[in-house]
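Residues per chain are reported as follows:
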Amino acid sequence: MSGPGSYLIGEEEKKALMEVLEAGYLYRYGDKSNPQFLAKVCQLEQEASRLLGVPHTVAVASGTLALWAALGALGIGPGDEVIVPGYTFIASISSIIYARAIPILAEVDESLTLDPEDVRQKITPRTKAIMLVHMLGNPGYIDEIREIAREHGLYVIEDCAQAFGATYKGKFVGSYGDFGAYSFNWNKTITAGDGGMLVTKSKELYERAFAIHDQGHLPLNQGIEQRRRTIIGLDFRMTEIAAAIVLAQLKKVSLIKKELKEKKRRFKERIKDIRGLSFRTLPDPEGELGTLLTVLFPSEEIARKVGEELGCGIVADSGWHIYNNMDHILEKKVVDSVGCPFTCPYYTNKGGKVEYSKGMLSQTDSITSRAMNISIGVSDSSERGIRAEFGIIITSDESEIDRKVEQFRNAVGKYL
Ligand SMILES: *Cc1c(COP(=O)(O)O)cnc(C)c1O
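Residues numbered from 1 in each chain as written. Predicted model: local features only at pLDDT ≥ 70, side-chain atom pairs only at ≥ 80, totals over all residues. Heavy atoms only, no water.

**Student:** Before we go on, may I ask you to explain the pattern of salt bridges in this structure?
**Tutor:** Side chains carrying opposite charge are able to pair once their charged atoms draw close together. One pass over the structure, following the stated rule, counts 29 salt bridges. Residues Glu-288 and Lys-264 are paired through a salt bridge, measuring 2.8 Å at the closest nitrogen-oxygen approach. Placement of the pair is Glu-288 in the loop between strand S12 (278-279) and strand S13 (292-296) and Lys-264 in helix H10 (residues 253-269), with a sequence separation of 24 residues. The residue Arg-403 makes a salt bridge to Glu-400 at a minimum N-O spacing of 2.9 Å. Taken together, the positions of Arg-403 and Glu-400, both in helix H13 (residues 398-413) and three residues apart, correspond to about one turn of that helix. A residue is classified by how much of its surface remains accessible, and Arg-403, at 48% relative accessible area, is partly exposed. Counted as one network, the salt bridges with shared partners bring together Arg-266, Arg-270, Glu-398 and Asp-402. (Salt bridge = Lys/Arg side-chain N within 4 Å of Asp/Glu carboxyl O. Helix = DSSP H or I, 4+ residues; strand = E, 2+ residues; numbered from the N terminus. Buried < 20%, exposed > 50% of the residue type's maximum accessible area, 1.4 Å probe, protein only.)

This is how it looks when you write it as structure tokens:
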């Protein structure tokens, strides 16, 4: 499995990396007057802010840590509940657990993102935030989720790990919520192998998140303010090396989106006449990224048979992306919200025990068991992944697309 950016690593990334190595300074902080210090992490933060239209950015070591820092900056902790979809990568859920808060799993609808109706059902007096995951490059129902959050006084954290470059109503995802979190892991839109980033409109939240990511320090110029330390932080800073590569990849985001969308359009055009086949809902068809073409079959039986023909799992078989297969939280592992997340086997909160069990999200189960991900830009054959073994990649040419379309039509033709 790897994302579209990984296929485009070339001269630009090499040049950016060599520039840092030749200058010989690899640490994110430095003295402006030192010619060796190129301030790549700061430059990435500024360019990302400009591109995404959000004033404050903190580069970090991973998307998981970006989510965790967002939760920490918002003061979410023991006893608090965070609503999160049952179809997402485990990191959305584990970051909540590591904040000592309680993940409350909610249904997805045919967009494979949070179902606003079910979010409403899951709100309790303990709810503090909604984590909206823009799954598979597809922006979720941002307006509806923000409206619910406004009505109930909740925070919105946008998990944009799979959606760097996606937009909703003309603005980038991540720019709507209290925080937007991104990942630069190998499987995402753009990559440095690993890495992550947080964006926020609030200066205060930015300073808190920055402090969490670096020993409680506040940012100052291209370094840190040494004296005022208001909170205790850890260290998950980004290095100059990672930032140089992400900066080179950042320039390829619009190309990636354009290529993916063109290829996806070609694929979709050629299969959309198939009777009985439908597609995932796109809350913003223009803005979505095009990394996956998700199709829905009339029944699980047909989805599985077509999957077998194509050597491809269905969405319900996704490894650590669907709650049913997250052995991390199942098997009656509930966790004590004031206990240690490594060792404590139970989640409890003031409202009692929260348990996770297979089959608890029937709508999510019914949709994901009829759905199949066709790769456009994120192919994946790992057991832990999103099960997009069949499809194309960003570098596939038209004849390759047409060949895959034929193969798909032949497989589907036997059952539909
Ligand atoms: C990849 C991913 C993350 C975590 O990002 P890492 O950089 O791998 O830590 C979080 N949420 C979702 C939805 C993801 O796909």
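Moving on from the coordinates now.
**Student:** In this structure, what is going on with the confidence of the model for the protein? I would like to understand it.
**Tutor:** If pLDDT is low for a region, its predicted coordinates should not be looked at in detail. Across the protein, pLDDT averages 93, with 94% of residues at or above 70. Across the protein, the secondary-structure element scoring lowest on mean pLDDT is strand S15 (residues 347-349), at 48, and the one scoring highest is strand S5 (residues 155-159), at 99. Taken together, the stretch residues 336-350 has pLDDT below 50 and engages in 47 contacts with residues farther than four places along the chain or on a different chain. (pLDDT = per-residue confidence, 0-100. Contact = heavy atoms within 4.5 Å.)

**Student:** Can you help me understand the side chain of Ser-2 in this one?
**Tutor:** With respect to the secondary-structure elements, Ser-2 resides in the segment before helix H1 (4-7). With relative accessibility at 9%, the residue Ser-2 sits in the buried group. A distance of 3.0 Å separates polar atoms of two side chains, one belonging to Ser-2 and the other to Ser-6. In this view, Ser-2 contacts Tyr-7, Trp-186, Asn-187, Gly-377, Val-378 and Ser-379; residues no more than four positions away in its chain are not counted. (Polar contact = N/O pair within 3.5 Å; in protein donor to acceptor, adjacent residues only side chain to side chain.)

**Student:** I would appreciate a short explanation of the packing of aromatic side chains in the present structure.
**Tutor:** Each aromatic ring pair is characterised by the separation of its centres together with the angle its planes make. Counting across every chain of the model gives eight aromatic pairs. Of the aromatic side chains, those joined through ring pairs into one cluster are Phe-164, Tyr-182 and Phe-184. Lying across the ring of Tyr-176, Lys-171 places its NZ or CZ 4.8 Å from the centre. Against the face of Phe-279 rests Lys-268, its NZ or CZ located 4.8 Å from the ring centre. (Phe/Tyr/Trp six-rings, centres within 6.5 Å; stacked < 30°, edge-to-face > 60°. Lys NZ or Arg CZ within 6 Å of the ring centre and 35° of its normal.)

**Student:** Explain the packing of helix H3 (residues 40-52) against helix H9 (residues 240-250) to me, please; I cannot follow it from the model alone.
**Tutor:** Relative placement of two packed helices is described by the angle separating their axes and the distance separating the axes. One can describe the packing of H3 onto H9 by two numbers: an axis separation of 8 Å at closest approach and a directional angle of 30°. By the angle class used here, H3 and H9 are roughly parallel. In terms of crossing hand, the pair formed by H3 and H9 is left-handed. Two secondary-structure elements touch here, H3 through Lys-40, Val-41, Gln-43, Leu-44, Glu-47, Ala-48 and Leu-51 and H9 through Glu-240, Ala-243, Ala-244, Val-246, Leu-247 and Leu-250. Broken down by class, the residue content of the contact of H3 with H9 amounts to nine nonpolar, one polar and three charged. (Axes fitted to C-alpha atoms, helices over the stretch in contact; angles between N-to-C directions. Parallel < 35°, antiparallel > 145°, perpendicular 65-115°, else oblique. Left-handed = near helix turned anticlockwise from the far one by under 90°. Nonpolar A, V, L, I, M, F, W, Y, C, P; charged D, E, K, R; others polar.)

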